[in-house]
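Structural overview
For reference, the chains in residue letters:
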Amino acid sequence: MPISDAAIKSAELLALERKYCSFGDTVHYLDPPKVFVSCEGSTLHDEQGTPYLDLQMWYSAASFGYRNPRLADALKRQLGRLPQLACQYLHAEKVELAARIAQYCEKRFGVKGRVQFNVGGSQAIEDSLKIVRNYTGRNLMFAFMGGYHGRTLGASAITSSYRYRRRYGHFGDRASFIFYPYCFRCMYGLKRETCELYCEDQFEKLFESEYHSVWDSRAEVSEYGAFYIEPVQGTGGYVIPPKEYFVRLKQACEKRKILIVDDEVQMGFYRTGKFWAVEHLGITPDIIVFGKALTNGLNPLSGIWAREELITPEIFPPGSTHSTFSSNTLGTAVGLETLKMLEEEDYEKLVNEKGAYFLAGLRELQTRHPGIIGDVNGLGLALRIEVCKEDGITPDRKLTDRIFSEGLKGDMEAGGCKYGLVLDVGGYHKNVFTLSPAFTITRQEMDLAVELLDQLFRRCRAQ
Ligand SMILES: Cc1ncc(COP(=O)(O)O)c(C=O)c1O
């Protein structure tokens, strides 16, 4: 059988990649790496033209669907008018976008604040660290086990995984990592119905004595400037916490002048069915960090919102932070269009309705694989499938990896067509499918997703 042109091209590309590209990114999590050539809505296409239903959408960066026409048009308009401008000068879209985000926060939380832009999520995290250090004079942070805030050096210091730090020397500012309220795998072996938030009590116990290392009880000063939270843990496995935990945590931190920094890089812009995921928790953060979906994966743009007191020009003067591309005109134009779109359409309703439909399908799938699918849960369109051994709790990383790789073979069949499935793996034990489908996903596509997942579970369990 003759080898197709597409296959030859793909083989050449992989050979070049193997020789000239660093393996330091995440491409070689899969061997051989996968090549895609086009995308549309919820679908990626490989070089053979096979469609792959994407349930991860660039880790929630392309929430509004690949090649979303409205957002793509905003980018094209800006390309034709003001595609480049040094960030030292103003352009309308930057100012309007900052105003809309700050006005939303003021309306939602009743707090005035300002916005500072940057390019990627990690860089915005770095900016937030500067704001905390500058305002509190403290450089130590609390963060959660299972938390992920990026891989620049500063962000790595507050990201829980030691694997991301191990080869890069000493991290003097490494965060103090606290148990996240991950009730399916409670660190204390308790059940939510009866635990009375024992884990939060343990955090507060740190402040009972100066000898617990974080608090000077005479001066009434903490050595820690802020607590970095994810309202739903992203890379940690789309872990949905009990709201009450955060209400108490906020009180505990406020009492001790420890700021709350809310990392919305993955969950912001309606991923969980609310504009900010933190709105589910009933608390007001001091700083919000955002990125990813703001530009739907087009020209990247990230940023922070901080309450006025922390970011007022007297405290955070010109030049406090800067990056050449930090408020690039293409990114701000798309971001502004995204904000307009979010104001014009009822995304709360849309995301929650689709999320409920998909979750019901996944719960039905769970009944077909009892134990093996140990947990299924979701908030809006942030959904999780935790893969376990038959006992329903022991993580099964190997099966998870197999399903992930098989999905990318693109050889499944449904309704007479060939398909692949794009998944993302997260979780403390790398045994969780973290699903962040496009908000444009249809019911038929969600049904197809459940059908393809079922095929993958059956195929890989039999192997
Ligand atoms: C919660 C969270 N914070 C920060 C980051 C880092 O963002 P970036 O990869 O754009 O640097 C990520 C990326 O996945 C994230 O999920």
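As a reminder, the structure under discussion sits directly above these lines.
Right, let's walk through the structure included here. (Residues numbered from 1 in each chain as written. Predicted model: local features only at pLDDT ≥ 70, side-chain atom pairs only at ≥ 80, totals over all residues. Heavy atoms only, no water.)

Okay, the overall build of the protein chain next. When helices and strands are counted, the protein chain shows 14 helices and 18 strands. Its C-alpha atoms give the protein chain a radius of gyration of 23 Å, within 12% of the compact-globule value 23 Å for 463 residues. Once the C-alpha set of the protein chain is aligned to its principal axes, its extents read approximately 80 × 60 × 45 Å. Counting only residues that meet the buried cut, the protein chain has 53% of its 463 residues in that class. As presented, the protein chain carries roughly 21,200 Å² of accessible surface, and 53% of it is formed by carbon and sulfur atoms. Across the protein chain, 56 positive and 59 negative side-chain charges occur, with their mean positions spaced 2 Å apart. (Helix = DSSP H or I, 4+ residues; strand = E, 2+ residues; numbered from the N terminus. Rg over C-alpha atoms; globule rule 2.2 N^0.38 Å. Buried < 20%, exposed > 50% of the residue type's maximum accessible area, 1.4 Å probe, protein only. Areas by Shrake-Rupley, 256 points an atom, 1.4 Å probe, with all protein chains shown as cover. Lys, Arg positive; Asp, Glu negative; His and termini not counted. Charge placed at Lys NZ, Arg CZ, Asp CG, Glu CD.)

What follows covers the sheet that holds strand S14 (residues 382-387). Picture the strands of a sheet paired through backbone hydrogen bonds; they go either parallel or antiparallel. Read from one edge to the other, the open sheet built from four strands follows the order S13-S14-S18-S17, with strand pairing classed as antiparallel. Bordering the open sheet on either side are strand S13 (373-379) and strand S17 (425-426), each of which pairs with just one other strand. Of the strands in this sheet, S14, S17 and strand S18 (432-435) are in contact with helix H13 (residues 397-407), which crosses S18 at around 45 degrees. (Pairing = 2+ DSSP bridges. Contact = heavy atoms within 4.5 Å. Axes fitted to C-alpha atoms, helices over the stretch in contact; angles between N-to-C directions.)

With that out of the way, let us pick up the layout of surface pockets. Taken as a whole, the second largest pocket encloses approximately 600 Å³ of empty space. Surrounding the second largest pocket, 24 residues form its lining, Lys94, Val115, Gln116, Phe117 and Thr321 being those nearest its centre. Elements represented by at least two residues in the lining of the second largest pocket include exactly helix H4 (92-109) and strand S4 (113-118). Residue composition of the lining of the second largest pocket, by class: 13 nonpolar, nine polar and two charged. (1 Å grid on protein atoms, 1.4 Å probe; cavity = no way out; pocket = protein on both sides within 12 Å on 5 of 7 lines; lining within 4 Å. Points joined across faces, edges and corners; volume = space filled by probe spheres on them. Nonpolar A, V, L, I, M, F, W, Y, C, P; charged D, E, K, R; others polar.)

The tally for this structure, following the rule as stated, stands at 34 salt bridges. Residue Arg397 pairs with Asp401 through a salt bridge whose shortest N-O separation is 3.8 Å. Here Arg397 pairs with Asp401, and both are found in helix H13, just four residues apart, close to one helical turn. The partly exposed category is assigned to Arg397, whose relative accessible area is 47%. In this structure Asp401 comes out as partly exposed when scored by relative accessible area, which is 32%. The closest approach of N and O atoms between Arg459 and Glu406, which form a salt bridge, is 2.6 Å. In this pair, Arg459 sits in helix H14 (residues 443-462) while Glu406 sits in helix H13, placing the two residues 53 residues apart along the sequence. Salt bridges here are not isolated pairs; linked through shared partners, they connect Arg70, Arg77, Glu337 and Glu344. (Salt bridge = Lys/Arg side-chain N within 4 Å of Asp/Glu carboxyl O.)

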